[in-house]
Amino acid sequence: MNVVIAAKKTTLTAGAKRRLLKNNLAGYAFIAPWLFGLLAFTSIPMLYSLYLSFTKYDALGAPVWTGVQNYVTMFQDATFWQSVGVTFKYVFILVPLRLATALGVAMILATKHRGIGLYRTVYYIPSLLGGSVAIAIIWAQLFGSQGAINGMLSQLLGRTVNFNWVGERSSALYSLILLGCWHFGSSMLIFISGLKQIPQNYYEAALIDGASAPQRFFRITLPMLSPVIFFNLVMGIITAFKSFSESLIITDGGPLNSTMLFALYIYKQGFSYFKMGYACAMSWVLLMIIAVFSIFIFGSSTGWVHYEE
Amino acid sequence: MKKLMAVLLTVAMLLSLSAAALADEPMRMCWWGSESSNKIYLGVMDMFVEATGIDVEPEYYSWDDYWTKMNTLAAGHDLPDSLRMDYQYIKSYVEKGLLMDLTPLVESGAIDVSDVPESVLSGGMINGGLYGINAGSNGLCMVTNRKLVEDAGMEVPTNEMTWDEFEQWVLEFHEKTGKFGFDMEGLDFGSFRIIAREHGGELYNADQTAAGFDTQVLVDYFASVKRMHDAGAIQNVAETTVDVGKENYFFSKGEAAAIWTTTDSSTTFAKLLKDNYGLLSYTVYPGAAATKAMYVKPSQFMSIAATSENVDAAVAYINYWTNDEACNLFIAGRRGVPISPKMADIVGASLDDISGNMFAYMSVLNEYSSKLNDPEPTCHGELAKEFENAQASVLFGEATPEAAAESFVAFINNALNN
Amino acid sequence: MKNGQKTGRMTWKKGLRSFRFHFFAILFGIIMIYPLVWMVASSLKPNDEVFTTVTSLIPSRFVWQNYVEGWQSTGRYTYATYFSNSLFIAVLSTIGGVASSSLVAYGFARIPFKGRKVFFTILMGTMLLPVQVLMIPQYVIFQKLRWINTYLPIIVPQFCGVPFFIFLNMQFMRGVPRELDEAAEIDGCGWLRTYTNILLPLSKPSLITSSIFAFYWSWQEFLGPLIYLNKPKKYTVSIALKMFADPSVQTNWSGLFAMTTLSIIPVVAVFMFFQKYLVEGVATTGLKA
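As the structure is a prediction and not an experimental result, all values here were calculated from the model. (Residues numbered from 1 in each chain as written. Chains lettered and ligands numbered in written order. Predicted model: local features only at pLDDT ≥ 70, side-chain atom pairs only at ≥ 80, totals over all residues. Heavy atoms only, no water.)

1. Re the overall build of chain A
Phase 1 of the analysis: For chain A, the count of helices and strands is 14 helices and 2 strands.
Phase 2 of the analysis: Its C-alpha atoms give chain A a radius of gyration of 25 Å, clearly above 19 Å, the size a compact globule of 309 residues would have.
Phase 3 of the analysis: Seen through its principal axes, chain A has C-alpha atoms that stretch 80 × 70 × 30 Å.
Phase 4 of the analysis: Of all 309 residues assigned to chain A, the portion counted as buried reaches 57%.
Phase 5 of the analysis: Long-range pairs, those at least 24 residues apart, make up 64% of the contacts in chain A with a sequence separation of at least 6.
Phase 6 of the analysis: Counting only carbon and sulfur atoms, one obtains 69% of the accessible surface of chain A, whose full area is about 13,400 Å².
Phase 7 of the analysis: Here chain A holds 20 positive side-chain charges and 9 negative ones, and the gap between their average locations is 8 Å. (Helix = DSSP H or I, 4+ residues; strand = E, 2+ residues; numbered from the N terminus. Rg over C-alpha atoms; globule rule 2.2 N^0.38 Å. Buried < 20%, exposed > 50% of the residue type's maximum accessible area, 1.4 Å probe, protein only. Contact = heavy atoms within 4.5 Å. Areas by Shrake-Rupley, 256 points an atom, 1.4 Å probe, with all protein chains shown as cover. Lys, Arg positive; Asp, Glu negative; His and termini not counted. Charge placed at Lys NZ, Arg CZ, Asp CG, Glu CD.)

Structure follows, in structure tokens:
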């Protein structure tokens, strides 16, 4: 094996060698800003948080080494397990739903129409109101027992419906998923940009060949957009796993922890309850979970993501 | 070219910014508060600067953010000279050596609390030292919507009402009016403390190693709440999931007859109900009178950081807040009843109906109060949340009162020993 | 004659399609914008009416005073201070974040250097931890640098590239046909020239998208300003907005909504300005196909 590489190396011409060196230099030069930031601002805090995960640390005094105690506690902590379950449900329903909505709306709003900029803005605005207290009030008001949704249902069904959609265990999480889905604006914007980057002449050529609309979608749009879909999928999963501000503001993890997202539980342990060591340990478990999914998606990407290379 | 310009400009601006950070060091003072509280503190600060000539640099954040910020500053050994502490967190700060022991300053007379009763000062005593001066006294109360109750042909609760009478009263009010007899937003771990004290217990035992109440007390309490809940005499537990402010409580909307709250919040309810319903009726919690189970506690503490190099200024501020007449008239009891009896009298005489009503209740409260144990352990916040969950699990029908009480007590014991 | 009829039918058909588009776009738009409308309406109501007339979108009387009083804040510093602070941070962060991320993205997307995969994995890894657990050690680093109470800890890291934008720009660059790079290379362009002449102009959609996000994120960024800024003079809008709500006293809801409404105006303006440039890329036409 080594011999083969060595042999291969020796066969490289001087020019190719110089080229390799030049590539390496250029590569590091381009990523230098990020590399600097990583070394100066990110790497130490990350490693430190890993260290803290093996300590008892309340953020006020010095951390006390406790070995794997935090990890052991975690596996015995019923709320931790519940939050993992809640988070999986949240992620796996929300991400596909939001992605599909964003793509659908983006396809429509990437067209040329009068006032298209205004529509885009209007559809993007909910994402700007994300975690504000106004949303909490509106959600409680729309989905509460006396809310507008029940008003409509009562009209439709002809009998009084006073089910508290945000307040009951069976439905609270779904009302948050709906809220997350309603924030499709960011993904939509990225899809619109992606659609705009597809060269128009591809479509013109396809039209000349007599391709139907679905054919054009599956043969041109989908493959050409696949790097962007891939991006939105990966980032969608990462953000969904890490999201907590909506559930913090609206339900505060309740009722009975049925909306206790993993990241919210981390936040509460670290900030409300001053268990920073425990919060760090859970954060690293979260990192592992997301990493596993990311690796899986990256692995699958060679099969469906189409790059121009 | 344009980009280069932009970058250069940026660098220049950033440099000028960091240069500006170095200047003379005034006293740093920190508090939590909303816009309206900030106006109180800033007003006091201006008066204080005017009166003493001491330079003050204020910092203020909302309640949640305040603790995030203080913890970060503590980690950076950079706590402000003068800071506010809450009953729930002061113990953790003291145990980490972050606050200054004020005992020598009180003994030398530097901090003037000569006419403040020992019992009021003792709130700030932790492990034998004095780490905070009470900024005003606060207590719990049951407020009742007088008009709703009288319209139903019933009488408002008295201080001597027992728990059983209370349950009957709530049920009866609901039967007569269809409205809620009680708003369960006030049913939390803090109010359960009174019930524990009614039965000779406390939330925690003296050395905070285990629950300080009999499990049966909690079982009975859960069972009683469940009876009222299932009868529809208090709101459905699902209605309490989302809390977006007192404005949305059933009590504030005139749909519930009574609520448990703190004295400082009670004036908010009075203002919310003012136009439609007369003044509120204040009483102690049902069952608390016979055993003096109520308590008066510091609304917040004024503390000094152990690292402070501006101790004299911070001391002067504590004195000003505690003893200055103009200052206390300006605060007007909005941070609780002044700890100096002299100031309390002066302020009490100057108040409007709403605050006056609350001030009058404070002296009643004193009669039915007894000493409070040490400040809460660090895990109190987590236990309070778990209590809500336990209560909700009973009301949602997920657990029996017995099972919920038992697992909650186990949770407390486990948390206190970790 | 026949032709005329055909075009007539086509314009009619086109008109119908356009009508259908606008009909559904507006219908859907109403659902999307309802919360904003609700908030604006509430910002104009008298404070005690916000919750008593919660379903009504028309205030009984218009209280513009909410805006005046909200703007005054505590009186010491008004929202004018907070807005200019936020704007300063957001503009610099956007420039820094977008420019550096594009550079870094090019390095990862196009240059086959040694260690590329490892560093890309690390780049993705840095996005996975909740920022909250990194906060305290980060604070200590910036404190050692004597950067506390300046905007440096908030802005400078942006100049080091933002993983989200790096990844985003990479994905767009990887969609640009390789032939273009190769053609540039044949013309004697080095990596830098290929970047500035080919990839940078062609990744305009992702630059626009990054700018919109960068501005919004730094505008609403809260944790950084909270822990790094001490003096109220330096506070941002995001910190000031949090001080409306108070658990113990009555909250000035209409003031809160008034200032929240104002606070999203810059973000909406940036969005509207930038999205106009999201048009078909023309440069690639005629190259492939």
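2. Description of the domain arrangement of chain C
Phase 1 of the analysis: Partitioning chain C into domains gives domain 1 (11-66) and domain 2 (74-243).
Phase 2 of the analysis: A straight line from the C-alpha centre of domain 1 of chain C to that of domain 2 of chain C covers 34 Å. (Domains from an automatic or database assignment.)

3. As for the interface of chain C and chain A
Phase 1 of the analysis: Facing the 98 residues of chain C at the interface are 92 residues of chain A.
Phase 2 of the analysis: Across the chain C to chain A interface the summed buried area is about 8,400 Å²; carbon plus sulfur atoms make up 75%.
Phase 3 of the analysis: The interface formed by chain C and chain A holds 1 salt bridge in total.
Phase 4 of the analysis: One salt bridge connects C:Glu185 with A:Arg19, and the closest N-O pair in it is separated by 3.2 Å.
Phase 5 of the analysis: If you look at where chain C meets chain A, you find 18 residue pairs in polar contact (both at pLDDT 80 or more).
Phase 6 of the analysis: Element by element, the count of residues in the side of chain C that touches chain A is highest for helix H1 (residues 2-43) of chain C, at 16 residues.
Phase 7 of the analysis: Of the residues that constitute the side of chain C that touches chain A, the class distribution is 71 nonpolar, 20 polar and 7 charged. (Buried area = accessible area lost by both parts, 1.4 Å probe. Salt bridge = Lys/Arg side-chain N within 4 Å of Asp/Glu carboxyl O. Polar contact = N/O pair within 3.5 Å; in protein donor to acceptor, adjacent residues only side chain to side chain. Nonpolar A, V, L, I, M, F, W, Y, C, P; charged D, E, K, R; others polar.)

4. Thoughts on empty space enclosed by the protein
All names here are of chain B.
Phase 1 of the analysis: Per the stated rule, a full pass over the model turns up 5 cavities of 30 Å³ or more.
Phase 2 of the analysis: When its volume is computed, the second largest cavity comes out at roughly 70 Å³.
Phase 3 of the analysis: In terms of lining, the second largest cavity is formed by Ala135, Trp321, Thr322, Asn328, Ile331, Ala332, Gly333, Arg335, Gly336, Pro338, Ile339 and Val347.
Phase 4 of the analysis: Elements that contribute at least two residues to the lining of the second largest cavity include exactly helix H12 (311-323) and helix H13 (325-331).
Phase 5 of the analysis: Here the residues of the lining of the second largest cavity sort into 7 nonpolar, 4 polar and 1 charged. (1 Å grid on protein atoms, 1.4 Å probe; cavity = no way out; pocket = protein on both sides within 12 Å on 5 of 7 lines; lining within 4 Å. Points joined across faces, edges and corners; volume = space filled by probe spheres on them.)

5. Remarks on helix H5 (residues 131-144) of chain C
In an α-helix, one turn spans 3.6 residues; hence positions three or four apart end up facing the same way.
Phase 1 of the analysis: The first and last C-alpha atoms of H5(C) sit 20 Å apart over 14 residues, in line with the 20 Å expected at 1.5 Å per residue.
Phase 2 of the analysis: Its maximal kink placed at C:Pro137, H5(C) deviates by approximately 30°.
Phase 3 of the analysis: With 10 of 14 residues buried, H5(C) lies mostly within the body of the structure.
Phase 4 of the analysis: Along its buried surface, H5(C) packs onto helix H2 (14-52), helix H13 (262-272) and helix H14 (276-304) of chain A, helix H3 (63-75) of chain B together with helix H6 (152-155) and helix H11 (223-228) of chain C.
Phase 5 of the analysis: C:Arg146 sits one or two positions beyond H5(C) and adopts a positive phi of about 60°. (Expected span 1.5 Å × (residues − 1). Bend = angle between axes of the 7 residues up to and from the residue.)

6. What to know about the pairing of strand E1 (residues 27-32) of chain B
Taken residue by residue, a regular strand's side chains alternate between the two faces of the sheet.
All names here are of chain B.
Phase 1 of the analysis: Most of E1 sits inside the fold, with 6 of its 6 residues counted as buried.
Phase 2 of the analysis: By the alternation rule, side chains of E1 split into Met27, Met29 and Trp31 and Arg28, Cys30 and Trp32, which are all buried.
Phase 3 of the analysis: Sheet analysis places E1 next to strand E2 (residues 56-61), joined by 6 bridges and oriented parallel. Within the sheet, the bridge partner assigned to arginine 28 lies in E2 and is glutamate 57.
Phase 4 of the analysis: Running through helix H2 (residues 35-52), the crossover from E1 to the neighbouring parallel element E2 is right-handed.
Phase 5 of the analysis: Both E1 and strand E3 (residues 82-85) contribute to a ladder of 2 bridges, which runs parallel. Within E3, the residue paired with cysteine 30 across the bridge is leucine 83. (Pairing = 2+ DSSP bridges. Right-handed = clockwise from strand over helix to strand, strands pointing away.)

7. Observations regarding the nonpolar core
Grouped burial of nonpolar side chains is what soluble globular proteins tend to show.
Phase 1 of the analysis: Core analysis: the biggest nonpolar cluster contains 348 residues, and A:Met188, B:Tyr93, B:Ile133, B:Phe192, B:Leu218, B:Tyr221 and B:Met294 have the highest contact counts within it.
Phase 2 of the analysis: Per-element tally for this core: the top contributor is H14(A), with 14 residues.
Phase 3 of the analysis: Beyond its immediate chain neighbours, meaning those up to four positions away, B:Ile133 contacts B:Leu102, B:Ile111, B:Val113, B:Leu121, B:Gln300, B:Phe301, B:Met302, B:Ile318, B:Thr322 and B:Ile339. (Core = buried A, V, L, I, M, F, W, Y, C linked by side-chain atoms within 4.5 Å.)

8. Section: the environment of A:Leu129
Phase 1 of the analysis: Mapped onto the elements of the fold, A:Leu129 is located in the loop between helix H5 (116-128) and helix H6 (133-143).
Phase 2 of the analysis: With a relative accessible area of 3%, A:Leu129 lands in the buried category.
Phase 3 of the analysis: Taking C-alpha positions, A:Leu129 is 34 Å from A:Asp77, a pair spaced 52 residues apart along the chain.
Phase 4 of the analysis: Not counting residues within four places of it along the chain, the set of residues in contact with A:Leu129 comprises A:Ile135, C:Pro35, C:Leu36, C:Met39 and C:Ile264.

9. Some remarks on the domain arrangement of chain A
Phase 1 of the analysis: Taken domain by domain, chain A comprises domain 1 (1-42) and domain 2 (71-304).
Phase 2 of the analysis: Its C-alpha centre places domain 1 of chain A at a distance of 39 Å from the equivalent point of domain 2 of chain A.

10. What about a nonpolar patch on the surface?
All names here are of chain C.
Phase 1 of the analysis: Taken together, Val37, Leu57, Ile58, Phe62 and Trp64 make up a surface patch of nonpolar side chains, about 530 Å² in accessible area.
Phase 2 of the analysis: By secondary structure assignment, the location of valine 37 is in helix H1.
Phase 3 of the analysis: We classify valine 37 as partly exposed; its relative accessible area is 36%. (Patch = residues over 30% accessible without salt bridge, like charges linked within 9 Å, V, L, I, M, F, W, Y side chains within 5 Å.)

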